[in-house]
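Examining the three-dimensional arrangement
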Amino acid sequence: GSPSIERVVIRHRNKLQLEVYPLCLRAAVCDATGKPRTMEREVLFSKTARVADLQAHVCRMWRVPLERTKLWNNTSRDLLQQDVLPPDATLIEAQLRDQQSVVLEIAQPDGSWPRSQLQVDAAEEEERAQKAGPGPNGRQTAGGGAGGAGGVGGVGG
């Protein structure tokens with residue numbers, strides 16, 4: 001048979017209900033550059049659980065100390081559209097969806113946050129691209145010239 005699945009009773013619209021369909025999330029951890037590693041693990045979690053509980057579970061799963069981590073919403077390819085999940089929010093309030101990826105960021109020994117730095121770098125790149133204006137083909141380009149990648153997130157793509 002299949003492995004057993006833990007079911008929880010949740011309060012939904014002031015009624016107690018058995019949660020038959022928990023969220024199935026894909027959890028990855030960042031490498032030292034802030035990019036998610038390709039290996040992901042699936043976790044089943046109640047929609048009414050707190051982000052802090054999910055973060056603690058992912059930390060245990062990857063054997064990482066909780067105090068040195070942030071959990072990121074990874075719904076978009078555009079890094080500027082991603083954000084750190086609020087620990088006190090429920091998974092519903094944080095707008096997590098079934099089969100969504102979350103990424104665990106681990107602070108470096110010097111205290112820096114590599115994924116956060118990636119986001120700062122992406123914002124600066126987008127700002128430079130906007131200052132450069134559209135290229136000759138009318139599209140925004142990363143370097144301001146023709147045929148560029150379109151900047152962060154791939155404008156027009």
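The preceding data block contains the structure.
All of the points below concern the structure found in this document. (Residues numbered from 1 in each chain as written. Predicted model: local features only at pLDDT ≥ 70, side-chain atom pairs only at ≥ 80, totals over all residues. Heavy atoms only, no water.)

1. Let's talk about the overall build of the chain
The criterion, for reference: For helices the rule is a DSSP run of H or I covering at least 4 residues; for strands it is a run of E covering at least 2, with both sets numbered from the N terminus onward. Relative accessibility decides the category of a residue: with a 1.4 Å probe and only protein chains considered, values under 20% of the type maximum give buried, values over 50% give exposed, and everything between is partly exposed. Method for areas: the Shrake-Rupley scheme with a 1.4 Å probe, in which residue coverage is limited to the protein chains shown.
When helices and strands are tallied, the chain shows two helices and seven strands. For the chain, the sequential pattern of α-helices and β-strands runs β-β-β-β-α-β-β-β-α. Taking all 157 residues of the chain together, 38% fall into the buried category. For the chain, the accessible area works out to roughly 9,800 Å², and carbon and sulfur atoms hold 50% of it.

2. Structural notes on the pattern of salt bridges
Let me state the cut-off plainly: Each salt bridge in this description consists of a side-chain nitrogen of Lys or Arg and a carboxyl oxygen of Asp or Glu lying within 4 Å of one another.
With the rule as written, the count across this model stands at two salt bridges. Here E40 ties to R26 by a salt bridge, and the two come within 2.9 Å at their closest N and O atoms. A residue pair is termed long-range when its members are at least 10 positions apart, and E40 in the loop between β3 (23–29) and β4 (41–45) and R26 in strand β3 qualify at 14 residues. Relative accessible area serves as the criterion here: at 36%, E40 is assigned to the partly exposed category. A salt bridge links R50 to E93; its shortest N-O distance comes to 3.7 Å. You can see R50 sitting in the loop between β4 and α1 (51–62) and its partner E93 sitting in the loop between β6 (83–84) and β7 (101–106), a full 43 residues away along the chain.

3. Let's talk about the packing of aromatic side chains
Cut-off, in case you're wondering: A pair of aromatic rings is counted whenever rings of Phe, Tyr or Trp (Trp by its six-membered ring) have centres within 6.5 Å, and the orientation is called stacked for planes under 30 degrees apart, edge-to-face for over 60 and tilted otherwise. Criterion for a charge above a ring: Lys NZ or Arg CZ within 6 Å of the ring centre, and within 35 degrees of the ring normal.
Evaluation of the coordinates by the stated rule reveals zero aromatic pairs. One cation-aromatic arrangement involves R41 over W62; the distance from NZ or CZ to the ring centre is 4.3 Å. Sitting over the ring of W113, K70 keeps its end group 4.3 Å from the ring centre.

4. Here's the deal with α1
What counts, and what does not: Take the residue count of a helix, subtract one, and multiply by 1.5 Å to get its expected span. The contact criterion used throughout is that any non-hydrogen atoms of two residues lie within 4.5 Å.
With 12 residues, α1 should cover 16 Å at 1.5 Å per step; its first-to-last C-alpha distance of 16 Å lies within 8% of that length. Here α1 has its buried residues at V51, L54, Q55, A56, V58, C59, M61 and W62. Tucked inside the fold, the buried residues of α1 contact β3, β4, β5 (69–73) and β7. The positive-phi residue at the C-terminal boundary of α1 is R63, with phi of around 55 degrees.

5. Quick look at the pairing of strand β1 (residues 8–12)
Formally: Pairing between strands is defined by DSSP: at least two bridges between the two strands are required.
For β1 and strand β2 (residues 15–19), the ladder comprises five bridges, and the chain directions are antiparallel. Bridged to I10 within β2 is Q17. Between β1 and β2, which follow one another and run antiparallel, lie two residues, and R13 among them has a positive phi close to 55 degrees.

6. Focus: the sheet that holds β6
As a reminder, the rule being used: Axes, fitted as lines to C-alpha atoms, cover a helix only where it is in contact. Angles between the N-to-C directions of the axes lie from 0 to 180 degrees.
With respect to topology, five strands assemble into an open sheet ordered β4-β3-β7-β5-β6, the strand pairing being mixed. Edge positions in the sheet fall to β4 and β6, since each has one partner strand and no second. Two elements, β3 and β7, share four bridges in a ladder whose sense is parallel. Across the sheet, A28 pairs through a bridge with V103, a residue of β7. On the sheet, helix α2 (residues 114–132) packs against β5 and β7 and is oriented at approximately 105 degrees with respect to β7.

7. Considerations on the side chain of T69
Using the following cut-off: Distance and chemistry together define a polar contact, namely a pair of N or O atoms within 3.5 Å, with one atom able to donate a hydrogen and the other to accept it when in protein, and with adjacent residues in sequence counting only for side-chain atoms on both sides.
Structurally, T69 can be placed in strand β5. Polar contacts involving the side chain of T69 include one to the side chain of Q55, which spans 2.8 Å. Separated by 2.8 Å, the side chain of T69 and the backbone oxygen of L66 make a polar contact. When residues no more than four places from it in sequence are discounted, the contact partners of T69 are Q55, C59, V64, L104, E105, I106 and W113.

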